[in-house]
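The primary structure of each chain is shown beneath.
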Amino acid sequence: MVVKVNLYQPQFSEAKKTIIENATLSAATFKYSTGIEAVTLQNSKGYVTLLPFMGQMIWEMEFLGHDMKMKSIYKEPLKCKDFYGESYGCFLMHCGLTAMGNPTAADTHTPHGELPIGEYSEVYVLNGEDEKGKYIALSGVYRYMRAFEHNYEFIPECRLYEDASTIEMTMTINNRKDMPLEYFYLCHINYRPVDGSRLIYTAKPENITAHHEVPDNYPAQLAKKTNDYLDKLDQDPSIMNVVDKETQSYAPEIVFTCKYDADANGDAHTMQLMPDGYACYVKHRPEELPFGVRWIARTEDEDAMGMVLPATAQHMGYLYCKEHGLEKYLQSGESITFHITTGILSPEESQEMAAKIQ
């Protein structure tokens, strides 16, 4: 049996209110001081806080005593009018679907498309049990409708099991239009980098490309440092595998494209194994999301380890993707679902996963 509780914006207030509690699992609603609604899913190992009506972003995530999200200038989420950069400090956001990535001068779409700050018309909490155990989840429906052009539903679900320090994410697309849906999707997962950590992942060095995209107007001295580091990465991509701000330069950012290998179950794995033995972790299926985009930004304002952003295409905007045949299509009436697991592994789990990867 699954219990479903529908949520409506007038229900939310700055006072936190528990709406479901089942053993160690709970779901609570509240508002940030900025007026943005939030839902916290919690178990005995930690919690995850989502913005149910604004893109279903994950704003905060903390498990096993580790605050995992990127550093940013935003302490709380703000209402965005045009695009996500007006309040960019989340742990995870969905990107796409009519376009994705950074637009070129010739593109007309906003960065990463409409999904990051999409307004959800339907939001609900689920409490149930399956073969993995008891869980609590947040889900909802974002409907994107443009006459004669688009009519799709995007339905993400963030599921937390009672004994887990990771979350299970599914993202379902339904094409309601009487013509094929051309789409692009990227899951933007923003961990915080920890110096001294090691990146361990199921992608071979020869299948990693560092993109030389330092902005022309970036301060010359900082640009030179990053461009020099990019030249070193071209010779040996493995030098990124030990996280070290002193010898590396990710200002303002470096983006990589990684082609992942999958295990016998069809899963690819990525870890930031930290000095204390714990590991940030992402599992995805390359058959569903064939591009592993890596995004690392290390400045005073933004410090982020997007060690893998599973995606259907590269990050360079609509026109680039079209020119290179990277668009995907969903026929009228069809659906597709993507699967991602992310969170933190204990030292014991980290060692087991590192051995599996290696």
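Our subject in this report is the structure included herewith.

With respect to the environment of Thr34
Move 1: Position of Thr34 among the secondary structure elements: in the loop between β3 (25-31) and β4 (37-43).
Move 2: By relative accessible area, Thr34 is classed as partly exposed at 33%.
Move 3: Through-space distance from the C-alpha of Thr34 to that of Gln248 is 36 Å; in sequence the pair is 214 residues apart.
Move 4: The residues touching Thr34, leaving out its near neighbours within four places in the chain, are Glu76, Pro77 and Leu78.

Regarding the state of the cysteines
Move 1: In the structure shown here, the tally under the stated rule is zero disulfides.
Move 2: Free cysteine: Cys258, not disulfide-bonded; nearest cysteine sulfur from Cys187 at 15 Å.
Move 3: Cys280 carries a free sulfur, and the closest cysteine sulfur to it, the one in Cys187, is 15 Å from it.
Move 4: Classification of Cys280 by relative accessible area gives buried; the value is 2%.

Overview of the pairing of strand β8 (residues 92-97)
Move 1: The buried count for β8 comes to six of six residues, which makes it a mostly enclosed element.
Move 2: Pairing between β8 and strand β13 (residues 181-189): six bridges, direction antiparallel. Bridge pairing in β13 links Gly96 to Tyr185.

Brief notes about the pairing of strand β5 (residues 46-51)
Move 1: Counting buried positions along β5 yields five of six residues, so the element is predominantly enclosed.
Move 2: Relative to β5, β4 is paired through five bridges, and the arrangement is antiparallel. Its bridge partner lying in β5, Gln42 is registered against Tyr47.
Move 3: In this antiparallel pair of consecutive strands, β4 and β5, the connection spans two residues.
Move 4: Note that β5 and strand β6 (residues 57-63) share six bridges and pair antiparallel. Across the sheet, the residue bridging to Tyr47 is Glu62, located in β6.
Move 5: In textbook terms, the turn of a hairpin is the stretch between consecutive antiparallel strands, and for β5 and β6 this stretch comprises five residues, one of which, Gly55, has a positive phi near 75°.

So, the side chain of Thr257
Move 1: By secondary structure assignment, the location of Thr257 is in strand β16 (residues 254-258).
Move 2: Relative accessible area serves as the criterion here: at 10%, Thr257 is assigned to the buried category.
Move 3: In terms of polar contacts, Thr257 uses its side chain to reach the side chain of His211, at 2.6 Å.
Move 4: Within the structure, Thr257 has its side chain in polar contact with the side chain of Gln314 (distance 3.3 Å).
Move 5: Not counting residues within four places of it along the chain, the set of residues in contact with Thr257 comprises Asn207, Ile208, Thr209, His211, Phe291, Gly292 and Gln314.

Rules behind the numbers
Residues numbered from 1 in each chain as written. Predicted model: local features only at pLDDT ≥ 70, side-chain atom pairs only at ≥ 80, totals over all residues. Heavy atoms only, no water. Helix = DSSP H or I, 4+ residues; strand = E, 2+ residues; numbered from the N terminus. Buried < 20%, exposed > 50% of the residue type's maximum accessible area, 1.4 Å probe, protein only. Contact = heavy atoms within 4.5 Å. Disulfide = S-S within 2.5 Å. Pairing = 2+ DSSP bridges. Polar contact = N/O pair within 3.5 Å; in protein donor to acceptor, adjacent residues only side chain to side chain.

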